[in-house]
Amino acid sequence: MTIACGLLCTQQPTEKPAPILTADQAALQRANQRIKTLEGEVKTLNETKAKKPAERKPSKHVVKRKKAEPKLSQTYEVTAYTNGAESTGKSAGHPDYGITASGARTKTGRTIACPPSMEFGTRLSIEDIGVRTCEDRGGAITEGHIDLYVAGVAEAREFGRQRLKAEIITK
């Protein structure tokens, strides 16, 4: 019987069960693992930076490029705008109502909004319109587009959208 009991009573070695962690302990353990991961990433980044070749200094003979200048004469898409909220988002009581991006007051027969490639003060002779001065910008005014200032909404709607030739006469 002793032999049988010896065989039956022997206990197999068991693994220790993982300790039960509190929520705070588990969070701390995850944070420590994240720190180790981040330290490894920082080390990798530093090694990568060290392997990059040194940046070259520009040559003394580098030519600075100017903005692309518009052609002296080209066809533009021409629309019209007013000082009102429908065009500028500003109502009559707004302190900047009627003031262009250049700081000038809008004026019928003079003011146009031009693309950023045209400097303020650039004068254009627009087919069937006459000479106008670039004094304003607009969010929708891109290369090849000009916005003509007019006094009223009805006039702006009547003008619509036209393709007109314009020639830069002064910069």
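Details of the structure are given in the entry above.
Computed from a predicted model, the values in this text were never measured in an experiment. (Residues numbered from 1 in each chain as written. Predicted model: local features only at pLDDT ≥ 70, side-chain atom pairs only at ≥ 80, totals over all residues. Heavy atoms only, no water.)

Trainee: Whenever I open this one, the overall build of the chain confuses me. Can you help?
Mentor: In terms of regular secondary structure, the chain is built from 4 helices and 6 strands. Ordering the α and β elements of the chain from the N terminus gives α-α-β-α-β-β-β-β-α-β. Taking all 171 residues of the chain together, the buried fraction comes to 23%. Sequence separation of at least 24 residues holds for 64% of the intrachain contacts in the chain that already meet a minimum separation of 6. Just so you have it, the chain exposes about 13300 Å², and 54% of that area is on carbon and sulfur atoms. (Helix = DSSP H or I, 4+ residues; strand = E, 2+ residues; numbered from the N terminus. Buried < 20%, exposed > 50% of the residue type's maximum accessible area, 1.4 Å probe, protein only. Contact = heavy atoms within 4.5 Å. Areas by Shrake-Rupley, 256 points an atom, 1.4 Å probe, with all protein chains shown as cover.)

Trainee: Which parts of the structure should I look at to understand unusual backbone geometry?
Mentor: The bulk of non-glycine residues show a negative phi, and the bulk of peptide bonds are trans. With a phi angle near 65°, Asp128 is a residue other than glycine that sits in the positive phi range. Note that Asp128 resides in the loop between strand S3 (123-126) and strand S4 (130-136). Look at Asp128 and you get exposed, because its relative accessible area is 73%.

Trainee: Even after reading the chapter, I still don't get the pairing of strand S1 (residues 73-81), so can you show me in this structure?
Mentor: Each regular strand carries side chains that alternate between the two faces of the sheet. Two elements, S1 and strand S6 (residues 162-170), share 6 bridges in a ladder whose sense is antiparallel. Residue pairing in the sheet places Gln74 in a bridge with Ala166 of S6. The pairing of S1 with strand S5 (residues 145-149) spans 5 bridges and is parallel. By the bridge assignment, Ala80 is partnered in S5 with Leu148. (Pairing = 2+ DSSP bridges.)

Trainee: Sorry if this is basic, but what is going on with the environment of Phe120 here?
Mentor: Following the sequence through the fold, Phe120 ends up in the loop between strand S2 (111-113) and S3. Judged by its relative accessible area of 37%, Phe120 falls in the partly exposed class. For Phe120 and Ser102, which are 18 residues apart along the polypeptide, the C-alpha to C-alpha distance reads 6.6 Å. With residues near it in sequence (within four places) discarded, Phe120 still touches Ala101, Ser102, Cys134, Glu135, Asp136 and Arg137.

Trainee: Before we go on, may I ask you to explain the side chain of Thr106 in this structure?
Mentor: Inspection of the secondary structure puts Thr106 in the loop between helix H3 (85-88) and S2. Engagement of the side chain of Thr106 in a polar contact is seen with the side chain of Asn83, the distance being 3.0 Å. Dropping the residues within four chain positions of it, Thr106 is found in contact with Tyr81, Asn83, Gly98, Thr100, Thr111 and Tyr149. (Polar contact = N/O pair within 3.5 Å; in protein donor to acceptor, adjacent residues only side chain to side chain.)

Trainee: For this particular structure, what's the right way to read the pattern of salt bridges?
Mentor: Taken as a whole and assessed by the stated rule, the structure comprises 2 salt bridges. Arg161 is the partner of Glu77 in a salt bridge, and the nearest nitrogen-oxygen pair spans 2.2 Å. In this pair, Glu77 sits in strand S1 while Arg161 sits in the loop between helix H4 (153-159) and S6, placing the two residues 84 residues apart along the sequence. The closest approach of N and O atoms between Glu135 and Arg110, which form a salt bridge, is 3.0 Å. Note that Glu135 is positioned in strand S4 and Arg110 in the loop between H3 and S2, a separation of 25 residues in sequence. (Salt bridge = Lys/Arg side-chain N within 4 Å of Asp/Glu carboxyl O.)

Trainee: What should I look at first to understand the packing of aromatic side chains in this one?
Mentor: For any pair of aromatic rings, geometry is given as the distance between the ring centres together with the angle between the planes. Within the structure shown, the criterion is met by 1 aromatic pair. Between the NZ or CZ atom of Arg137 and the centre of the ring of Phe120, over which it lies, the distance is 4.2 Å. (Phe/Tyr/Trp six-rings, centres within 6.5 Å; stacked < 30°, edge-to-face > 60°. Lys NZ or Arg CZ within 6 Å of the ring centre and 35° of its normal.)

Trainee: Would you mind showing me how to read the side chain of Thr79 here?
Mentor: One can find Thr79 in strand S1. Polar side-chain contacts of Thr79 include one of 2.9 Å to the side chain of His145. Setting aside residues up to four positions removed in sequence, Thr79 forms contacts with His145, Ile146, Asp147, Leu148, Phe159, Gly160 and Arg161.

Trainee: Honestly, the sheet that holds S2 in this entry has me stumped. Any pointers?
Mentor: In any sheet, the strands associate via hydrogen bonds between backbone groups, in a parallel or an antiparallel arrangement. Strand order in the closed barrel formed by 6 strands is S1-S5-S2-S4-S3-S6, and the pairing between neighbours is mixed. This sheet shows a mean twist of 50° between the axes of neighbouring strands, independent of strand direction. (Axes fitted to C-alpha atoms, helices over the stretch in contact; angles between N-to-C directions.)

Trainee: It is not clear to me how the nonpolar core should be interpreted in this structure. Could you clarify?
Mentor: Among soluble globular proteins, nonpolar side chains are generally buried collectively. Core analysis: the largest hydrophobic core is formed by 17 residues, its most contacted members being Tyr76, Val78, Ile112, Leu124 and Ile146. Going through the elements one at a time, S1, S3, S5, H4 and S6 are the ones with two or more residues in this core. With residues near it in sequence (within four places) discarded, Ile112 still touches Leu124, Ile126, Arg132, Thr133, Cys134, Glu135, Asp136, Ile146, Asp147 and Leu148. (Core = buried A, V, L, I, M, F, W, Y, C linked by side-chain atoms within 4.5 Å.)

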